[in-house]
Amino acid sequence: MSERLLQLKQELHKGEQEMARLDRQRQILRDTMLRISGAIQVLEEMQAPGLSAPAAPEQPALSATA
C-alpha cells in the first residue's frame, strides 16, 4: 500500500509540473495574440478613409556649444 501511495504522489507532482508548464505556455500565447490584435487594430485604423499615417514628431535642433 505504501508503494501505491508513493506512485500516486509522484503522479500528482508530475501533473502539477505539467500544469505549471501549460500555464506559462498559455500566458505566452495570450501575450502574442494581444500583440497581433493590436497590430491589426493599428493597420485597420491606418486604412480608414481620410486617415493617413501620423507624421513623425519633430525633434528640436541640437546646438553645438563648446
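Residues numbered from 1 in each chain as written. Predicted model: local features only at pLDDT ≥ 70, side-chain atom pairs only at ≥ 80, totals over all residues. Heavy atoms only, no water.

Novice: Help me understand the overall build of the chain, please; the structure alone is not making it clear to me.
Specialist: Across its full length, the chain holds 1 helix and 0 strands. Residue burial in the chain is summarised as follows: out of 66 residues, 0% are buried. By element, 61% of the accessible surface of the chain is carried by carbon and sulfur atoms, the whole surface being about 6,800 Å². (Helix = DSSP H or I, 4+ residues; strand = E, 2+ residues; numbered from the N terminus. Buried < 20%, exposed > 50% of the residue type's maximum accessible area, 1.4 Å probe, protein only. Areas by Shrake-Rupley, 256 points an atom, 1.4 Å probe, with all protein chains shown as cover.)

Novice: Would you explain the pattern of salt bridges in this entry?
Specialist: Where charged atoms of side chains with opposite charge meet at close range, the side chains can pair. Per the counting criterion, the structure on display carries 1 salt bridge. Of the charged contacts in the structure, one is a salt bridge between Glu18 and Arg21, with a shortest N-O distance of 2.6 Å. Of this pair, Glu18 and Arg21 both sit in helix α1 (residues 2-47), 3 residues apart, roughly one helical turn. (Salt bridge = Lys/Arg side-chain N within 4 Å of Asp/Glu carboxyl O.)

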